[in-house]
Amino acid sequence: MTTERAPQPTTAAANPPIQPMASNLLPSDVVRASAMRDLPAPERQLTKVAKLIDVSRCIGCKACQSACIEWNDTHPDVEENVGVYENPHDLTPEMFTLMRFTEYANPETHELEWLIRKDGCMHCEDPGCLTACPAPGAIVQYSNGIVDFISDNCIGCGYCVAGCPFDIPRIHKTAHVSKKCTLCSDRVAVGQGPACAKACPTQAIVFGTKDEMIAHAEMRIEDLKERGYEKAGLYDPQGVGGTHVMYVLHHADKPSLYADLPDDPKISAVVKGWKGAAKDVGLAAMGIAAVGAMAHGALARANEVSAHDDAEAQEMVAHAAERLAVEPQEAARPQEGAP
Amino acid sequence: MTEERQYSAPGDEIETRKPVTVSRYRGITRLNHWVTAFTMIGLILSGMALFHPSLYFLTGLFGGGPTTRWLHPLMGILLFFSFLLLFLQMWRLNLPKREDAEWLANIKEVVKGEEENLPELGKYNAGQKFVFWGMSGLILVMIVTGVMIWEQYFPGLVSIPVRRVAVAVHALSAVAAVLIFIVHVYAAIWTRGTIRAMTRGTVTGGWAYRHHRKWLRELAGRRKTDPAE
Ligand code: HEM
Ligand code: SF4
Ligand code: SF4
Ligand code: SF4
């Protein structure tokens with residue numbers, strides 16, 4: 001069997017190689033893993049990849065959603081129509097990507113714009129999910145930038161939900177593991193682009209190296225500006241170190257127009273505090289207290305009851321008993337300094 | 001006929017007179033205490049496993065990560081109700097009293113083990129009261145924040161920003177609870193003769209005289225059996 005390593009993918013449009021190929025995304029390509037501090041240094045650096053979603057080109061057909069379901073073999077529930085275009089109503093453990101629709105009455109042009117954004121994991125360079133996760137190796141980041149959830153290591157605690165600035169991970173109700181877009185890491189590993197990008201009929205979703213995608217975005221932005229979208233721009237938020245899923249937005253000055261895409265996402269300071277200093281300081285405080293208590297217990301003089309105390313007690317009880325015998329009612333009252 | 005108790009709880013009494021032994025906790029209270037204590041230890045071990053990567057191996061004690069994640073909140077619920085029963089039995093005698101301030105002001109003497117110069121105390125000293133109220137507050141905070149971050153049964157109970165605060169507060173309270181737990185265990189061991197109050201249920205007369213004299217005095221002044229109780 002040929003076990004030549006697959007090439008790194010350059011574009012989603014290219015047809016896949018037809019001969020069998022070994023995965024080119026190796027455990028040694030993991031550069032960060034949740035709750036694991038000292039990873040061995042990777043032997044090589046993969047080219048950074050990115051998926052670029054050009055919102056201005058999307059027609060809302062949901063071919064990408066279907067392709068994602070197909071490729072990942074998920075089974076989203078059939079839901080009720082409640083009069084909105086989102087289907088299903090939210091990201092779920094079975095639906096890793098979702099077209100979100102916004103009707104925007106542009107106050108400058110007085111035109112109604114239909115903004116359609118493909119929501120899903122942004123594959124942050126600095127992933128909040130990975131920062132928050134307590135289970136070693138449940139979330140990994142490869143040197144090409146893909147952030148992947150490894151279900152075998154996931155314990156289903158939901159900390160990643162709190163960690164993610166984009167509200168992406170969803171915990172599976174029966175499998176009790178966290179799920180999200182994988183950036184088709186299993187396809188990328190064998191030289192193919194993501195299924196959603198492959199399926200997109202308008203090439204609103206393209207995939208390639210991050211540099212190429214930025215260059216491609218610039219062309220698109222130029223085009224949009226010529227067509228009157230002066231604020232057109234690239235969404236590659238630096239608050240999370242940039243992302244490996246980027247958007248071309250017509251209104252890049254107001255990302256939140258697009259179904260609450262965060263204007264300036266970053267890992268919450270609360271999460272950073274909780275997962276940063278609090279852990280080490282807390283552990284140290286508890287450790288010192290425990291060791292200190294044991295050492296003090298072993299070395300210091302204990303607080304012993306003396307023979308004198310025993311004798312005093314004996315006398316107090318005997319004396320009280322006498323009083324009880326003599327004047328039962330009196331003795332029952334509290335005495336000596338008691339209020 | 002009733003004799004008002006000021007410094008003692010129902011069931012506290014002089015058990016034997018020669019030598020003096022005093023019963024401090026009834027069987028049911030001791031059982032209640034040990035259920036609480038072992039649940040607490042389980043919670044600390046399972047919680048710490050998730051708290052710090054270097055302690056994740058503790059999940060092995062509970063049969064792995066997912067089981068730990070599942071079991072921890074259930075133990076939390078058990079702890080809450082178990083502690084609640086203890087709380088109901090003990091809160092009254094843990095209310096702060098005037099002598100507590102004086103005792104605290106002379107905490108140095110306490111540490112030196114020279115209690116002769118200190119005010120006479122009822123069933124609990126200020127240190128014990130601090131442990132009691134500290135734990136009560138922290139357990140309340142932990143049950144509230146714990147439910148807020150309980151993914152399995154309450155996934156969308158609070159918004160994500162609130163959830164972030166809840167998990168941080170939960171972790172900080174847990175650290176504080178562990179510190180109080182250490183103080184509690186240490187004090188029980190350092191003050192010799194205390195452990196038996198929670199094992200056999202009784203303490204010696206000398207122990208009661210030395211540490212909780214008002215409590216002993218009240219019990220000494222009471223008839224042995226009290227039909228009103
Ligand atoms: C004395 C009692 C308790 C201690 C010492 C304790 C400790 C901890 C600690 C240290 C963590 C990990 C926090 C982190 O990762 O930074 C944790 C997580 C958690 N605790 Fe507690 N906790 C206690 C009580 C409770 C209670 C009463 C509940 C209520 C339901 C609860 C529910 C949770 C939940 C849901 C988590 C998230 C992990 C999981 O789902 O297992 N805890 N706890
Ligand atoms: S639920 Fe999220 S945070 Fe928890 S172990 Fe799984 S991936 Fe990590
Ligand atoms: S978008 Fe959320 S889930 Fe995706 S990598 Fe960033 S933090 Fe993690
Ligand atoms: S990259 Fe793959 S997993 Fe992610 S949305 Fe596209 S098809 Fe789904």
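Everything quoted here is computed from the prediction, not taken from an experiment.

Trainee: What is the right way to read helix α3 (residues 98-105) of chain B from this model?
Mentor: Every α-helix winds through 3.6 residues per turn, so residues three or four apart in the chain are directed the same way. All names here are of chain B. Within α3, the full set of buried residues consists of Glu99, Asp100 and Trp103. With its buried residues spanning 105° around the axis, α3 presents them on a single face. Pointing more than 90 degrees away from the buried face of α3 are the exposed residues Arg98, Ala101 and Ala105. Against α4 (107-112), α5 (126-148) and α9 (213-220) lie the buried residues of α3.

Trainee: Help me understand the site of ligand 1 in this model?
Mentor: Around ligand 1, the structure places 23 residues, and the nearest of them are Trp274 and Lys279 of chain A together with Arg69, His72 and His170 of chain B. The local environment of ligand 1 is shared, drawing residues from chains A and B. The separation between an oxygen atom of ligand 1 and a polar main-chain atom of arginine 69 of chain B is 3.0 Å. Contacts to ligand 1 include histidine 170 of chain B, whose side-chain N or O atom sits 2.7 Å from a nitrogen atom. Broken down by secondary-structure element, the contributors of at least two residues to the shell around ligand 1 are α1 (27-51), α2 (65-90), α5 and α6 (160-190) of chain B. If you tally residues by element for the shell around ligand 1, the top one is α1 of chain B, at 7 residues. Of the residues that constitute the shell around ligand 1, the class distribution is 16 nonpolar, 5 polar and 2 charged.

Trainee: Looking at this model, I keep getting lost on the sheet that holds strand β2 (residues 20-23) of chain B. Mind explaining?
Mentor: Sheets are built from strands that pair by backbone hydrogen bonding, the pairs being arranged parallel or antiparallel. Ordered by their spatial adjacency, 3 strands build an open sheet running β1-β2-β3 (chain B), and the pairing between neighbours is antiparallel. The open sheet has two edge strands with one neighbour each: β1 (13-17) and β3 (202-204) of chain B. The mean angle between the axes of side-by-side strands here comes to 30°, regardless of whether they run parallel or antiparallel. Looking at chain direction, β1 of chain B and β2 of chain B are connected through 4 bridges and run antiparallel. Residue pairing for β2 of chain B: arginine 17 of chain B is matched across the bridge by valine 20 of chain B. Contacting β1, β2 and β3 of chain B, helix α9 (residues 307-326) of chain A runs over the sheet at an angle of about 105° to β1 of chain B.

Trainee: How do you make sense of the side chain of threonine 74 of chain A when you look at a structure like this?
Mentor: Residues and elements named next belong to chain A. Relative to the helices and strands, threonine 74 is located in the loop between α1 (63-72) and β3 (98-106). A distance of 2.8 Å separates the side chain of threonine 74 from the backbone oxygen of glutamate 94, its partner in a polar contact. Excluding residues that lie within four positions of it along the chain, threonine 74 makes contacts with Ile69, Glu94 and Phe96.

Trainee: Explanation requested: the interface of chain B and chain A in the structure shown.
Mentor: Think of interface size as the accessible area that goes away when the parts come together; that is how it is often given. At the interface, 57 residues of chain B touch 59 residues of chain A. Both faces combined, the contact of chain B with chain A buries some 5100 Å², and carbon together with sulfur accounts for 64% of it. Area buried by chain B at its contact with chain A is led by Arg164, Tyr186 and Tyr209 of chain B, which between them contribute 12% of it. Across the chain B-chain A interface, the total number found is 1 salt bridge. Scanning the region where chain B abuts chain A turns up 18 residue pairs in polar contact (both at pLDDT 80 or more). Contributions of two or more residues to the side of chain B that touches chain A are made by β1, α1, α2, α4, α6, α8 (205-211) and α9 of chain B.

Reading guide: rules and limits
- Residues numbered from 1 in each chain as written.
- Chains lettered and ligands numbered in written order.
- Predicted model: local features only at pLDDT ≥ 70, side-chain atom pairs only at ≥ 80, totals over all residues.
- Heavy atoms only, no water.
- Buried < 20%, exposed > 50% of the residue type's maximum accessible area, 1.4 Å probe, protein only.
- Helix = DSSP H or I, 4+ residues; strand = E, 2+ residues; numbered from the N terminus.
- Arc of directions from axis to C-beta.
- Contact = heavy atoms within 4.5 Å.
- Near = heavy atom within 4 Å.
- Polar contact = N/O pair within 3.5 Å; in protein donor to acceptor, adjacent residues only side chain to side chain.
- Nonpolar A, V, L, I, M, F, W, Y, C, P; charged D, E, K, R; others polar.
- Pairing = 2+ DSSP bridges.
- Axes fitted to C-alpha atoms, helices over the stretch in contact; angles between N-to-C directions.
- Buried area = accessible area lost by both parts, 1.4 Å probe.
- Salt bridge = Lys/Arg side-chain N within 4 Å of Asp/Glu carboxyl O.

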